[in-house]
Amino acid sequence: MKTSPLSKTFIYGLLGIGSILMLLPFVWMISTSLKSGNEVMMMPPIWIPETFRFDNYVEAFKKAPFATYFLNSVIVMVLSTLGEVITTILAAYAFSKLNFWGKDVLFALLVGTMMVPGEVLLVPNFVLLSNLGWIDRYEALIIPWTASIFSIFLLRQFFMKIPKELNYAARVDGCTNFRFLWSIMIPIAKPAIVTIILLKAIGSWNAFLWPLIVTNSKEMRTLPVGLTSFSTEAGTVYELLMAASTMIILPMIILFIFLQKYIIKGIAGAGIKG
Amino acid sequence: MKLKETAKAVLYLSPALLIIGVFTIYPMIKSFFMSFYAEYDYFNDVVHRYGFDNFVYLWNDAVFHKALQNTFIFVLGVVPVSILLSLWIALMLNSITFLNKFFRTIYFIPFVTSVVAVSIVWRWIFHSNYGIMNYFLSWFGVDPINWLTSTEWAMPSLIILSIWKGLGYNIIIFLAGLQTIGDTYYNAARIDGANRWNRFIHVTLPQLAPTTFFVSIISIIGSFKVFDEIYALFDGKAGPSNSALTVVYYVFDKFYGEWNFGVASAAAYVLFAIIFVFTLLQFYVSKKKITY
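To start, this report covers the structure provided alongside it. Quantities reported herein were computed from a predicted structural model and do not represent experimental measurements. (Residues numbered from 1 in each chain as written. Chains lettered and ligands numbered in written order. Predicted model: local features only at pLDDT ≥ 70, side-chain atom pairs only at ≥ 80, totals over all residues.)

**Brief notes about the overall build of chain B**
Which entries qualify depends on this criterion: Counting from the N terminus, the helices are the DSSP runs of H or I reaching at least four residues and the strands are the DSSP runs of E reaching at least two. As a rule, residues whose C-beta atom has 12 or fewer other C-beta atoms within 10 Å are exposed, those with 20 or more are buried, and those in between are partly exposed; C-beta atoms are placed from the backbone. Here the contact rule is simple: place C-beta atoms from the backbone, and any two residues whose C-beta atoms are within 7 Å are in contact.
For chain B, the count of helices and strands is 13 helices and two strands. Taken along the three principal axes of its C-alpha coordinates, chain B extends 75 × 75 × 35 Å. Looking at chain B residue by residue over its 292 residues, the buried ones come to 42%. Of all intrachain contacts in chain B linking residues separated by at least 6 positions in sequence, the fraction that spans at least 24 positions is 68%.

**Comments concerning the overall build of chain A**
Using the following cut-off: Note on method: radius of gyration uses C-alpha positions; expected globular size equals 2.2 Å times residues raised to 0.38.
Along its length, chain A carries 14 helices and zero strands. Ordered by position in the sequence, the α and β elements of chain A form the string α-α-α-α-α-α-α-α-α-α-α-α-α-α. On C-alpha atoms alone, chain A measures out to a radius of gyration of 24 Å, which is more than a quarter above the 19 Å that the 2.2 N^0.38 rule sets for 274 residues. Seen through its principal axes, chain A has C-alpha atoms that stretch 75 × 65 × 35 Å. Each of the 274 residues in chain A was classed as buried or not, and the buried ones make up 42%. Counting only contacts in chain A whose residues sit at least 6 apart along the sequence, the fraction spanning at least 24 positions is 75%.

**Observations concerning the nonpolar core**
Let me state the cut-off plainly: By definition, a nonpolar core groups buried Ala, Val, Leu, Ile, Met, Phe, Trp, Tyr and Cys residues that are joined through C-beta atoms within 7 Å.
Formed by 158 residues in total, the largest nonpolar core has its most connected members in Leu-155 of chain A together with Ile-230, Val-251 and Ala-267 of chain B. If one sorts the elements of this core by residue count, helix H14 (residues 238–273) of chain A sits on top with 13 residues. If we skip the residues at most four places from it in the chain, Ala-267 of chain B touches Leu-58, Phe-64, Val-247, Tyr-250, Val-251 and Lys-254 of chain B.

**Remarks on the pairing of strand S1 (residues 37–41) of chain B**
The side chains of a regular strand alternate, first on one face of the sheet and then on the other. All names here are of chain B. The test is simple: Strands were regarded as paired on the criterion that DSSP finds at least two bridges between them.
Bridging between S1 and strand S2 (residues 46–50) involves four bridges; their strand directions are antiparallel. Directly across from Tyr-40, in S2, lies its bridge partner Val-47. Connecting the antiparallel pair S1 and S2 is a turn made up of four residues, with Asp-45 showing a positive phi of about 55°.

Here it is, written out as structure tokens:
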């Protein structure tokens, strides 16, 4: 569509203002995280502190075990993502390339359960994990999250697009199912798998309600849970709160900026399919 | 042949099915029964009596009514504004090429960040004395507002934060929808002498109807489940005198605060029922395929 230069300028102006509004909270966060206690309580606010107090970050690490929280978040993110990718690839392969009894019924059943909100599962899962003795352990944070119907659905759709002929050709050449999956399907489906990994990693890093419920001790908290308990304790020390928030937010922004191609494609793709 | 393939499929499916069966299917059923626990001994896991007591309790509980009401207000506050704004931004993005990706990235950033962390940032933005929100409003002669500490502004604060957080997601879906509209429609309309506004009304909007519908349903469902934002924004409370109490927060309170598993499960199933209606609607309409 052709657009006149005047309305183009107008559009860029509006989009620019919108972008500033989107980014302002992050600028305010980082700016506050580098201020002294006096500068935080200044009106009108100052945007660039006189000296950048990186000490606030050190201070936050001293006030609460953020190093532990950080490590827990990384462990949970890596292991649950790894688990999910493995279970997803195997299940998506069966649903797309194997012809077995009850396939359609089973798939419909799984897709049907996608509409059940996770909140419904909260209480019984908690009881189950208590009985297993997993509360306040990595098992509770990781194992329930090592499979996802949504990911299986996404990858199955991708696998379906890989032509059957490839499968036949491989079989004629004496290729086993597993080798076919490993050396042909997975490399072809790499973009879809990367999307699944990234969406999972972001979801795991930001997860809150579940880790809040299944952890009791400081040693087991993940970053978001640690941050809320720190905010209750530290209360109004906003420069430290903002330093801690920056630690949680920045890694995901950086990850997103470098790998956004995969993330956006995954979200747009899931959206179009409905 | 089929028998052999079935055996193989069992091998491939068992890891996923084990996890999903234990942590999704079983709890789903268990939760359903739990909502009918009338007399229950948590410590020994013995149910003395089943009944509708929990649902009767919800029916009569003023706090639950408040939670339902707040949730609907929240949904009505977030969804229409978010959809209009994101559609507008998506249309603008779609009409430019230079810096298109750059803007798209910026609008999407809030979506990938931790809800809890950004909510705490917004708590600081909404600070009555030193927050930038009141500072910016003071330029326009607005007196300081007690965003998070007054009952009438707690919900608007939550709504503003949620719109900001979710805008990028809707924009991405709208952009994907806009890209599926072929140029042929626009060219045909142009030949017929349709101006910019008419092309928007008669080509873009109808063609975008399925996308808009999808975005609406997803936003509605997501908004019904709001929790993390509230917990972090109001520091582990549901706003001043429950002014930001939602259904999921109510479930959390009953479950984790009062250990009343029966009522918590019943309330969760009420939420499920509401979401189910919207999901069916989505399913029904997308099957029918909106065409013009």
